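Each chain, letter by letter, is given below.
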Amino acid sequence: QKRLLITDTTFRDAHQSLMATRVRSYDMLACAAALAREAPQLFSLEMWGGATFDTAMRFLSEDPWERLRQLRAKVPNICFQMLFRGANAVGYTNYPDHVVHGFVRHAAANGMDIFRIFDSLNYLPNLRVAMEAVQDTHAICEGTLCYTGDILDPKRDKFDLKYYVSLAQELERMGAHMIAIKDMAGLCRPYAAEKLVKVLRSEVGVPIHFHTHDTSGINAGSILRAADAGVDVVDLALASMSGSTSQPNLNSIVAALQGTRRDTTLDREKLDRFSDYWENVRPYYAPFDTAPKSGSAEVYLHEMPGGQYTNLKAQAESMGVSHRWPEIARTYAEVNQLFGDIVKVTPSSKVVGDMALFLFSRGIKPADVVNLEAGATPFPESVIDMLSGGLGWPDGGFPADVTLAVLGAEKAKAARALYTAAKRRGLKAPKVAKKKREQQMADGIAAIRAELATKLKHEPSDDELYSHLMYPSVHDAFLKQQKQFGDVSVLPTPTFFYGLQPGEEISVEIEEGKVLIISLVSVGEPDQDGRRMVNYELNGMARDAVIIDKSVQPKTKAKPKADLADPNQVAAPIPGLVAALSTSMGAKVKKGEKLLLMEAMKMQTTVYSPCDGVVSELNIAVGDTVEAKDLLVRIKPA
Ligand code: PYR
């Protein structure tokens, strides 16, 4: 049998699952050329997609397209792989076909070789546009089945072997060049992995790629069993970036298979040097490095994907209820059952998390939701959207009773009709000749390009176009930041996160071969406006600059707290950011009308009016950070 092929996930899923996707291009670029030289046997580097696109711009002030091209220049010989969320591309909502199609084309043209395309409910029609777009390029189209439940548990028969085999066969018929088993929560136990791979091997003709997470601590076992059963490629992360919610340990699997029929032929000793490198780099990211220190079998209860676990736990902490985590984990599991037992991965996992926190914070048991008055409870918008069909459909649709309770009779009926129509249509794509389809896609993109040119006041580049289409406000903020500070991705990581200390010296390569030596000499005392004189040397020349130190600005006054006994005062339900405001001072509002949207760690919470009346006090603006129980809005009852 052939050697086991390996995808190294260190540049994408490993840090997405361990440290909130924060690893900067700088640290990848520093080792990329060496990796290309020392580990050319790697099948691919997963280095893009998933949450990296958003995070690069939002938190790192980096252009994700630059990351792709710069890494490509340093790694010409190993395939690049990305994670693509089907109709959600690299975002969290469904995009029009021409956006998905254009994004794939642009990514392939900039160096992407393998697209792993999945849907968060395994709703295959959502994969069609992206799969067809990849098939028109040089790249490999990896059709994905998301694994949940347990094929060895006869009680979880919704997700049995037959279910996965028929998904894989359907993906092959849709033209997938490879099939990925995406075990995003690490639920695929060793003997399940063996059985699944063995059966898929005999039922489909294309190569099989196994992706898992080591959340439970036993997933190296799953990798080895899958290897025995004939899997073609597996996902692993370099030793010091592996384990826990990340992938199993690449270096150790290489060692485990040395001298066997599936020997990877990778040089373990060389790979250990790369693990040493990441061991040294990882502490820079300590504030984000919150993954569990050890494996836990609790994952079989809640089934949360690796990336969500730390997010939801931090969310619970910010709500002051982290001591009740086991209850929250159980609520998450019960909400999954309430929704009819669904696949949970971005964005469906977020919907389950939103609902779990909503019910938990109100003391409502998931099982009691179906007894609530139909359509009367202000459930999170993500839940309303999913049950209305906004993400597509799970096998069999959503349960009728929960749909009715959440949406109300009228909207539930409309959702049912949508589902029935989708089921009737099945996987049948509307028949459009390729040439006509190309034209439709091009026309769609031309229209948005013209719109964006008006907004930006210049003709957008393709990078700008697609970044903007995915994340309009994040991209606006990124452009503003770039204009003000230039390209901060060239700064060393400790400087980027923590700044320089007087006496410290760094070198910064601003372009190929052009290096600046910067040393900080001193920082003066602040004046009353917070201005400080900074003395530094640039390539040995003394320079100074005045900067405003925001930390010494007069602090904004704390907001008043709401009187929780007064039903007309609207309090912040969670600490977080005011993301959108749908009302204004003096506005008339109805009970249950949306007032504002709050955001904290990827979770969104809508705040509704408690009564009919008029907004008589408004203490917030979009962008404000508030604490839990702060008084946001006061309503004068009508
Ligand atoms: C993502 O969509 O980002 C995952 O890792 C599943």
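What you are looking at is a predicted structure, and each value in this text was computed from that prediction instead of being measured.

Things to note about the packing of aromatic side chains
Right, on to step 1. Summed over the entire model, instances satisfying the criterion amount to 23 aromatic pairs.
Right, on to step 2. Geometrically, the ring pair formed by Phe-53 and Phe-103 is edge-to-face, given 5.5 Å between the ring centres and 65° between the ring planes. Linking Phe-53 in helix H3 (residues 52-60) with Phe-103 in helix H5 (residues 97-109), this pair joins segments that are 50 residues apart in sequence.
Right, on to step 3. Ring centres of Tyr-309 and Trp-325 lie 5.6 Å apart, and the angle between their planes is 80°; on these two criteria the pair is classed as edge-to-face. Of this pair, Tyr-309 sits in helix H13 (residues 306-318) while Trp-325 sits in helix H14 (residues 325-338); the two residues are 16 residues apart in sequence, bridging distant segments of the chain.
Right, on to step 4. Relative accessible area serves as the criterion here: at 6%, Trp-325 is assigned to the buried category.

Description of the domain arrangement of the protein chain
Right, on to step 1. Examined at the domain level, the protein chain breaks down into domain 1 (5-285), domain 2 (299-406), domain 3 (500-552) and domain 4 (569-637).
Right, on to step 2. A separation of 41 Å is found between the C-alpha centroids of domain 1 and domain 3.

Points about the nonpolar core
Inside soluble globular proteins, nonpolar side chains tend to come together where they are buried.
Right, on to step 1. Of all hydrophobic cores here, the largest spans 115 residues; its most connected members are Trp-48, Phe-84, Phe-103 and Phe-115.
Right, on to step 2. Per element, the largest residue contribution to this core is seven residues, and it comes from helix H7 (residues 161-173).
Right, on to step 3. For this core, the domains that each give at least three residues are domain 1 (5-285) and domain 2 (299-406).
Right, on to step 4. Non-local contacts of Trp-48, meaning those with residues more than four positions away in its chain, are made with Arg-12, Phe-53, Pro-64, Trp-65, Leu-68, Gln-81, Met-82, Leu-83, Phe-103, Ala-107 and Met-112.
Right, on to step 5. Among the nonpolar cores identified, the runner-up in size contains 40 residues, and Phe-339, Leu-359, Ile-364 and Tyr-419 belong to it.

Focus on H7
Because an α-helix packs 3.6 residues into every turn, residues spaced three or four apart end up facing the same way.
Right, on to step 1. Taking 1.5 Å of rise per residue, 13 residues should cover 18 Å, and H7 covers 18 Å from first to last C-alpha, within 8% of that figure.
Right, on to step 2. Of the residues making up H7, those classed as buried are Leu-161, Tyr-163, Tyr-164, Val-165, Leu-167, Ala-168 and Leu-171.
Right, on to step 3. Along its buried surface, H7 packs onto helix H6 (128-135), strand S5 (140-146), strand S6 (178-182) and helix H8 (190-203).
Right, on to step 4. Where H7 terminates, the next one or two residues include Gly-175, which has phi positive at roughly 100°.

Looking at the side chain of Asp-113
Right, on to step 1. Here Asp-113 lies in the loop between H5 and strand S4 (114-117).
Right, on to step 2. When its relative accessible area of 14% is taken as the criterion, Asp-113 is described as buried.
Right, on to step 3. Here Arg-72 takes part through its side chain, which lies 2.7 Å from a polar atom of the side chain of Asp-113.
Right, on to step 4. If near-sequence neighbours (up to four positions away) are discounted, Asp-113 is found in contact with Arg-72, Ile-78, Cys-79, Phe-80, His-138, Ala-139 and Ile-140.

Considerations on unusual backbone geometry
Right, on to step 1. Along the chain, Thr-346 connects to Pro-347 via a cis peptide bond; the corresponding omega equals 0°.
Right, on to step 2. By secondary structure assignment, the location of Pro-347 is in the loop between H14 and helix H15 (348-362).
Right, on to step 3. Within the chain, Ser-244 stands out as a residue other than glycine whose phi angle is a positive 55°.
Right, on to step 4. Here Ser-244 is to be found in the loop between strand S8 (233-236) and helix H10 (250-257).
Right, on to step 5. Although it is not a glycine, Lys-457 adopts a positive phi angle of roughly 65°.
Right, on to step 6. Tracing the chain through its elements places Lys-457 in the loop between helix H19 (434-456) and helix H20 (462-470).
Right, on to step 7. On the basis of relative accessibility, which here comes to 73%, the residue Lys-457 falls in the exposed class.

Thoughts on helix H11 (residues 268-281)
Right, on to step 1. The terminal C-alpha atoms of H11 lie 20 Å apart, and with 14 residues this matches the ideal 20 Å at 1.5 Å per residue to within 8%.
Right, on to step 2. Considering only its buried residues, H11 is in contact with helix H1 (10-18), helix H2 (25-38) and H10.

Rules and cut-offs
Residues numbered from 1 in each chain as written. Predicted model: local features only at pLDDT ≥ 70, side-chain atom pairs only at ≥ 80, totals over all residues. Heavy atoms only, no water. Phe/Tyr/Trp six-rings, centres within 6.5 Å; stacked < 30°, edge-to-face > 60°. Helix = DSSP H or I, 4+ residues; strand = E, 2+ residues; numbered from the N terminus. Buried < 20%, exposed > 50% of the residue type's maximum accessible area, 1.4 Å probe, protein only. Domains from an automatic or database assignment. Core = buried A, V, L, I, M, F, W, Y, C linked by side-chain atoms within 4.5 Å. Contact = heavy atoms within 4.5 Å. Expected span 1.5 Å × (residues − 1). Polar contact = N/O pair within 3.5 Å; in protein donor to acceptor, adjacent residues only side chain to side chain.

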